[in-house]
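Summary of the model geometry
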Amino acid sequence: MSLTLWAGRVDVVSGDITRLDVDAIVNAANHSLMGGGGVDGAIYRAAGPALKRACRALRETHWPDGLPDGEVALTEGFELPARYVIHTVGPVYAKTRDKSHLLANCYRNAVALAAETGCRRIAFPAISTGVYGYPFDDAAHIVIDTLHDALAIHDLRVTLCFFSERDYQAFAEIAMRRGVAD
Ligand code: ADP
């Protein structure tokens, strides 16, 4: 099953992002860059121990106070099929004031960094919609709006990777309702 948006610029799939053979996958990381649960844990496990070392080094050299919400940081993908991991921190829904702006920044900054790095294909998980509690439908609208603008600037292809079939279906319905699905 697959859905595309905007004449194939965006692929929407259901599955495990660590399996995707793209140039970069985005990690819904936490401030510490030290790994966690959810998609973060899956990416750390699949990338192997070198990812943890790279994140520790990045934190020491660039982000001693942790990676702020909406910012992005680049590492290699190590044992992943993807060449790079772009780490970003989504807002915690219940605790953050400017959350829609910060969630949009995650997508906007990740696309820009991927383009700067020479990537042609980047894959995103559903940032903030797990443990961080962002309502799925609200996040989906932000993703659509932000990618619409970012892909007008950067020549990239994006994969939106939803872990559950239910999330895939929910996103597909919103995309069709908004008239952005092919
Ligand atoms: P956050 O803390 O930003 O909310 P989570 O990791 O808790 O991040 O959840 C974000 C989304 O990632 C959720 O929809 C979750 O189901 C999904 N997810 C978890 N594991 C994977 C995976 N291996 N591939 C893709 N998505 C995943």
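This section reports on the structure supplied with the text. (Residues numbered from 1 in each chain as written. Predicted model: local features only at pLDDT ≥ 70, side-chain atom pairs only at ≥ 80, totals over all residues. Heavy atoms only, no water.)

**Quick look at the site of the ligand**
The environment of the ligand is formed by 15 residues, the closest being Asp16, Val39, Ser128, Gly130 and Val131. The contact in question runs from a nitrogen atom of the ligand to an N or O atom on the backbone of Ile17, over 3.0 Å. One of the backbone N or O atoms of Val39 is found 2.9 Å from an oxygen atom in the ligand. Protein chains shield 89% of the accessible area of the ligand, which is 560 Å² for the free molecule. Here the residues of the shell around the ligand sort into eight nonpolar, five polar and two charged. (Near = heavy atom within 4 Å. Polar contact = N/O pair within 3.5 Å; in protein donor to acceptor, adjacent residues only side chain to side chain. Areas by Shrake-Rupley, 256 points an atom, 1.4 Å probe, with all protein chains shown as cover. Nonpolar A, V, L, I, M, F, W, Y, C, P; charged D, E, K, R; others polar.)

**Regarding the packing of aromatic side chains**
Aromatic rings considered in pairs are described by the distance between their centres and by the relative angle of their planes. Counted under the stated rule, the structure contains four aromatic pairs. Ring centres of Tyr93 and Tyr134 lie 4.9 Å apart, and the angle between their planes is 70°; on these two criteria the pair is classed as edge-to-face. Residue Tyr93 is found in the loop between strand S5 (84–88) and helix H3 (99–116), and its partner Tyr134 is found in the loop between strand S6 (121–124) and helix H4 (136–153); the two are separated by 41 residues along the sequence. The class of Tyr93 is partly exposed, set by a relative accessible area of 28%. With a relative accessible area of 5%, Tyr134 lands in the buried category. (Phe/Tyr/Trp six-rings, centres within 6.5 Å; stacked < 30°, edge-to-face > 60°. Helix = DSSP H or I, 4+ residues; strand = E, 2+ residues; numbered from the N terminus. Buried < 20%, exposed > 50% of the residue type's maximum accessible area, 1.4 Å probe, protein only.)

**Side note on the pairing of S5**
Counting buried residues in S5 gives five out of five residues, a clear majority hidden from the surface. Here S5 shows two buried faces, one formed by Tyr84, Ile86 and Thr88 and the other by Val85 and His87. Note: strand S3 (residues 24–28) against S5, five bridges, orientation parallel. Within S5, the position partnered with Ala24 by the bridge is Tyr84. Pairing of strand S4 (residues 72–76) with S5 involves five bridges; the strand directions are antiparallel. (Pairing = 2+ DSSP bridges.)

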